[in-house]
Amino acid sequence: VDSSVGGKTAVDLPAGKNLVGAFHPPAAVFADTRTLRTLPERELRAGFAEVVKYGAAFDVAFLDWLDRHVDALLARDDAALAEAIARSVRYKADVVGRDPFEQGERALLNFGHTFGHAIEAEQGYRGGLNHGEAVAVGMVLAARLSARLGMIATDDAGRLRELLARFGLPTALPHGLDPQALLARMRLDKKAAAHGLRFVLLDRMGVARVASGVPEAAVLAVLGEATLPAHPPR
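1. Here we look at the packing of helix α1 (residues 41-58) against helix α2 (residues 60-74)
- For the pair α1 and α2, the least separation of the axes is 8 Å and the interaxial angle reads 165°. Between α1 and α2, the angle is such that the two are roughly antiparallel. Like other packed secondary-structure pairs, α1 and α2 cross with a definite hand, here right-handed. Listed contacts from α2 to E41, L44, R45, F48, V51, V52, Y54, G55, A56 and F58 of α1 are V60, F62, L63, L66, L73 and L74.
- Per-class residue counts for the contact of α1 with α2 are 13 nonpolar, 1 polar and 2 charged.

This is the structure in structure tokens:
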């Protein structure tokens, strides 16, 4: 639902996630729901993080639909999967069609990824959260940051956290990650602007926007707000 569409290819470096890459649009994309039967449960759940992202960033009605269909999706019901995939791909294809080289609107697809990429890089891309799990945590943190900055209600951030938890995804930072180290990673993120940290935040559920110059103090406050439980691998 995500990396298969849009033609953005990249590699991870020790300094950060996806820092070197290129754009190469595919001739076609085929999505066969039967292949999802071959996925381990952890990888299936991780994929749903990107699906939830589309609802949170673009369409609250889709978020409502996901809330009603969590059980069917986790059970790999073909009809539910086809609907979730079709909607997600449509959102991404529409955005990429308007902004293929991420000069503007395409950046909205990175909701949750600034935090998520910092987590992945700080964990060395192995032995910790996988990409979808890191993005799930990142979306929770981005929603809390939105609430801290007065953009959305705290209850909205809680609703997103609860939905991700229902998909079996982590919603808190893994134990042992230092907020200052994560902040340093975010300064190196490819989405960071010359004039400060840049995040995709929520004006309301289903409506995201890029916010530049986000105060580092607010980011650190969100990172350090709660006791951060360990996340054991499944």
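2. Description of α1
- In a regular helix each residue adds 1.5 Å, so 18 residues correspond to 26 Å; α1 covers 27 Å between its end C-alpha atoms and thus fits that length.
- The element α1 is extensively covered by neighbouring structure, given that 14 of its 18 residues are classed as buried.

3. Brief notes about the environment of I85
- By secondary structure assignment, the location of I85 is in helix α3 (residues 78-98).
- Here I85 falls in the buried class, since its relative accessible area comes to 16%.
- Each C-alpha atom of the pair I85 and T38 lies 17 Å from the other, and the pair is 47 residues apart in sequence.
- Excluding its chain neighbours within four sequence positions, the residues that come into contact with I85 are V1, A31, T33 and L36.

4. Quick notes on the pairing of strand β2 (residues 16-23)
- Strand direction decides the pairing type here: strand β1 (residues 8-13) and β2, joined by 5 bridges, are antiparallel. Residue pairing across strands places L13 opposite G16, the latter belonging to β2.
- Where β1 hands over to β2, the hairpin turn is made up of 2 residues, counted between the paired strands.

5. Some details on the packing of aromatic side chains
- With the rule as written, the count across this model stands at 8 aromatic pairs.
- Plain terms: the ring middles of F23 and F101 are 5.2 Å apart, the flat faces sit at 85° to each other, and that makes the pair edge-to-face. Here F23 is found in strand β2, whereas its partner F101 is found in the loop between α3 and α4 (113-122), with 78 residues between them in sequence.
- With a relative accessible area of 32%, F23 lands in the partly exposed category.
- Ring-pair connections join several aromatic residues into one group, and the members of that group are Y54, F58, F62, W65 and Y91.
- Sitting above the plane of the Y54 ring, K53 keeps its charged end 4.7 Å from the centroid.

Rules used throughout
- Along each chain, numbering runs from 1 in the same order as the chain's sequence is written.
- Under the rules for a predicted model, residues below a pLDDT of 70 receive no local features and side-chain atom pairs below 80 are neither given nor counted, while totals for whole chains, interfaces and linings still include all residues.
- Think of the side-chain values as coming from all heavy atoms in the structure, minus any hydrogens and water.
- Angles run from 0 to 180 degrees between N-to-C directions of axes, and those axes are lines fitted to C-alpha atoms, restricted for helices to the stretch in contact.
- Strands here mean DSSP runs of E at least two residues long; helices mean DSSP runs of H or I at least four residues long; both are numbered from the N terminus.
- Between 65 and 115 degrees an angle is taken as roughly perpendicular, under 35 as roughly parallel, over 145 as roughly antiparallel, and anywhere else as oblique.
- Crossing handedness follows the turn of the near helix against the far one: under a right angle anticlockwise gives a left-handed crossing, and clockwise gives a right-handed one.
- Note on definitions: a residue-residue contact is assigned when non-hydrogen atoms from the two residues lie within 4.5 Å.
- Lys, Arg, Asp and Glu make up the charged group, whereas Ala, Val, Leu, Ile, Met, Phe, Trp, Tyr, Cys and Pro make up the nonpolar group; the residues left over, Gly among them, are polar.
- Helix span, expected: 1.5 Å multiplied by one less than the number of residues in the helix.
- Relative accessible area decides the class of each residue, using a 1.4 Å probe on protein chains only: under 20% of the type maximum gives buried, over 50% gives exposed, and in between gives partly exposed.
- Two strands pair under a simple rule: DSSP has to find at least two bridges between them.
- Whether two aromatic rings pair depends on their centres lying within 6.5 Å, for rings of Phe, Tyr and Trp, where Trp uses its six-membered ring; planes under 30 degrees apart make the pair stacked, over 60 edge-to-face, and the rest tilted.
- Here, a charge over a ring means that NZ of Lys or CZ of Arg falls within 6 Å of the ring centre while also lying within 35 degrees of the ring normal.

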